[in-house]
Amino acid sequence: MTFDLTPEQDQLRDAVRALGRRYGHGYFVEKAKAGEHTTELWAEAGRLGYLGVNIPTEYGGGGGGITELAIVCEELAAAGCPLLLLVVSPAIAATVLTRHGTEEQRKRHLPGLADGSQKIVFAITEPEAGSNFHRLGTVARRDGDDWVLNGRKCYISGVDEAGHVLVVARTEDSGTGKLKPALFLVPTDAAGLTRSKLDMEIVSPENQFLLYLDDVRVPADALLGESLDAGLPALFAGLNPERITVAAMGAGTGRYAIERASEYTATRKVWGGRSIGSHQGVSHPLAHAAVQVELARLMIQKAATLYDAGRDLEAGVSGNMAKYAAGEAAALAVDTAVQVLGGAGMTTEYGVATLLGAVRAGRIAPVSREMILNFVAQHVLGQDKSY
Ligand SMILES: Cc1cc2nc3c(=O)[nH]c(=O)nc-3n(C[C@H](O)[C@H](O)[C@H](O)COP(=O)(O)OP(=O)(O)OC[C@H]3O[C@@H](n4cnc5c(N)ncnc54)[C@H](O)[C@@H]3O)c2cc1C
C-alpha cells in the first residue's frame, strides 16, 4: 500500500496548483458577479493538457485516469476556482464517449474535449422524476433514420457554454416493448431545444438551466454507442467519474477555506498579544474540519485508484462514500472558516462566504447525501429499500 503520488502526478499537482493560484478566487468571483465565464482559465488549462488528462492519447489526451482528473479538480478548487464543468465535460462526457461511444463519435468529440475548445454537458435530471431516474419522462422516438426527442430537463449546468448536451432519454425496446434509457449527443443549437436560465443562490461563473425538448430531431449517429444496448452501461460509466471528481472539487474547496481561515486566525489579535487562533474555541473547529477534509481525500484516492484499476463495483461504493464525505467536509470547512473570520468571513474580500452556496449545493448534487446513504444502506449493509 502506498499513499504517494507518482512523480508525474506530483508534477501535475504542482503545475495545476500554480495555474489555479495565478487566477485565484478573486478572478472566479469577479467572473461570476459579472455574469461571465472563466473562459481564460478553461482555455489555458486546455492548452496545458489538464482538461484532457484522462482522455486516451490517440484522441489528443494525456492518457491518464480519473486519479489525474481528480488532481486537476482538487487543485483548481484549492486555489479558489471550483469549476463544476470539469465534472460534466471531461469527467462524465469524455468517459462515456471513451468507453461506449462509436469510433466516429470518439474521433469527432474527444480531441475538442481534450484541448478545451469543446464542452459537452450532461442532462439527466427532470422536474417530475427528481432523484428517481426510473421515472424519466424524456422520450426518444425513431422516425425513419432520425430520432425525435421530447421532454424537459432541469438544473442542467453549462448549456450556454457547450456545443452539445448529452441527453438521457427513454426509447422503446423492440423486443420487450419496455422503455429503456439511451444517451443522445444533441447540439445545443438544435431546432426545438430551448432553455431558460435558473436563478441560483450560488456565486459561480457556471449557470444552471431548464431545458425544453420539443420535437428535437437528431440523426441516427447522435445515439451514443453502436446500439440502444449501450445506453444503460454508458449511463453507469459516467457515475463513478462524476462522484469522484465532484468529491475532489469539494475536498479542494475545503482546503482552500481552511487555508484562508488559518492564515487569518494565526495573525488576528483582539485580546492583547495572542492570536485568536491560540483560543481552542477557534482552532479546534478548524482542526476538526481539516481532519474531515483529509479523511475525504483518502477516500477519493481509494475510489480513483479502484476506478483506474477497472474495479468498477468497488469504485462505486468508494466513490459514493468519497462524495458523501467530501460534500459534508467541504460544507463544514467553509462554514467554519466563515465563523472564525468573524465579520470578515461575510465579506467578499476574504473570499469564503462566496463559497457557501456552492458547498451547500454539493450536499444535494449530483447525487444527494440521502441517496448515497440509501445506496450504502442497501448495497453495503444489506437493508431493504423503502422506495
Ligand atoms: C448546482 C447544481 C448543478 C446541477 N447540475 C446538473 C447537471 O448538470 N445535470 C443534471 O442532470 N442535473 C444537475 N443537477 C441536478 C441534481 O443532480 C439534482 O438536484 C439532484 O440529483 C437531486 O434531485 P432533485 O433536485 O430533483 O431532488 P428530489 O429528488 O426532489 O429530492 C428532494 C430531497 O428529498 C430527498 N429524497 C428524495 N428521495 C429520497 C429517498 N428515497 N430517501 C431519502 N431522501 C430522499 C433528496 O435527498 C433531497 O434532499 C444540478 C443541481 C444543482 C443544485
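Bear in mind the structure is a predicted one, so any value in this text is a computation, not a measurement. (Residues numbered from 1 in each chain as written. Predicted model: local features only at pLDDT ≥ 70, side-chain atom pairs only at ≥ 80, totals over all residues. Heavy atoms only, no water.)

Draft legend 1. Geometry of the site of the ligand. Thr125, Ser131, Tyr155, Ser368 and Glu370 are the nearest of the 20 residues found near the ligand. Between an oxygen atom of the ligand and a main-chain N or O atom of Ile124, the distance comes to 2.9 Å. Here a nitrogen atom of the ligand and a side-chain polar atom of Asn374 are 3.0 Å apart. Look at the ligand: alone it shows 980 Å² of surface, and the protein chains cover 70% of it. Among the elements of the structure, strand 1 (120–123), strand 3 (146–157) and helix 10 (369–379) are those that each provide at least two residues to the shell around the ligand. (Near = heavy atom within 4 Å. Polar contact = N/O pair within 3.5 Å; in protein donor to acceptor, adjacent residues only side chain to side chain. Areas by Shrake-Rupley, 256 points an atom, 1.4 Å probe, with all protein chains shown as cover. Helix = DSSP H or I, 4+ residues; strand = E, 2+ residues; numbered from the N terminus.)

Draft legend 2. Local environment of the environment of Ala32. Turning to its location among the elements, Ala32 is positioned in helix 1 (residues 7–33). Overall, Ala32 belongs to the buried group, its relative accessible area being 15%. For the pair Ala32 and Tyr212, spaced 180 residues apart in sequence, the C-alpha separation works out to 25 Å. Discounting residues that sit within four places of it in the chain, Ala32 has contacts with Val203, Ser204 and Pro205. (Buried < 20%, exposed > 50% of the residue type's maximum accessible area, 1.4 Å probe, protein only. Contact = heavy atoms within 4.5 Å.)

Draft legend 3. Local environment of the packing of helix 8 (residues 312–340) against helix 10. Where helix 8 contacts helix 10, the two axes come as close as 10 Å, and the packing angle between them is 145 degrees. Taken as a pair, helix 8 and helix 10 cross one another with a handedness that is left-handed. Side by side, helix 8 and helix 10 meet where Gly316, Val317, Asn320, Met321, Lys323, Tyr324 and Glu328 of the first sit next to Arg369, Ile372, Leu373, Phe375 and Val376 of the second. The class makeup of the residues in the contact of helix 8 with helix 10 is seven nonpolar, two polar and three charged. (Axes fitted to C-alpha atoms, helices over the stretch in contact; angles between N-to-C directions. Left-handed = near helix turned anticlockwise from the far one by under 90°. Nonpolar A, V, L, I, M, F, W, Y, C, P; charged D, E, K, R; others polar.)

Draft legend 4. Here's a closer look at the side chain of Lys119. Along the chain, Lys119 falls in the loop between helix 5 (103–115) and strand 1. A distance of 3.0 Å separates a polar atom in the side chain of Lys119 from a polar atom in the side chain of Glu161. Contacts of Lys119, omitting those with residues within four sequence positions, involve Trp42, Leu85, Ser89, Leu113, Glu161, Ala162, Gly163 and His164.

Draft legend 5. A look at the pattern of salt bridges. Taken as a whole, this structure holds 29 salt bridges when the rule is applied. Arg106 serves as the salt-bridge partner of Glu103, at 3.3 Å between the closest nitrogen and oxygen. A residue pair is termed a helical-turn pair when its members lie 3 or 4 positions apart in one helix, as Glu103 and Arg106 do in helix 5 at three residues. Since its relative accessible area comes to 16%, Arg106 is described here as buried. For Asp143, the salt bridge identified is with Arg217, shortest N-O distance 2.7 Å. With Asp143 in strand 2 (residues 139–143) and Arg217 in strand 7 (residues 208–218), the pair connects residues that are 74 residues apart, well separated along the chain. For Asp143, a relative accessible area of 32% corresponds to the partly exposed category. According to the relative accessible area criterion, Arg217 is partly exposed, its value standing at 43%. Each of Arg13, Asp14, Arg17, Glu74, Glu75, Arg255, Glu294 and Arg297 takes part in one network of salt bridges that share partners. (Salt bridge = Lys/Arg side-chain N within 4 Å of Asp/Glu carboxyl O.)

Limitation: the analysis is restricted to geometry and does not speak to function.
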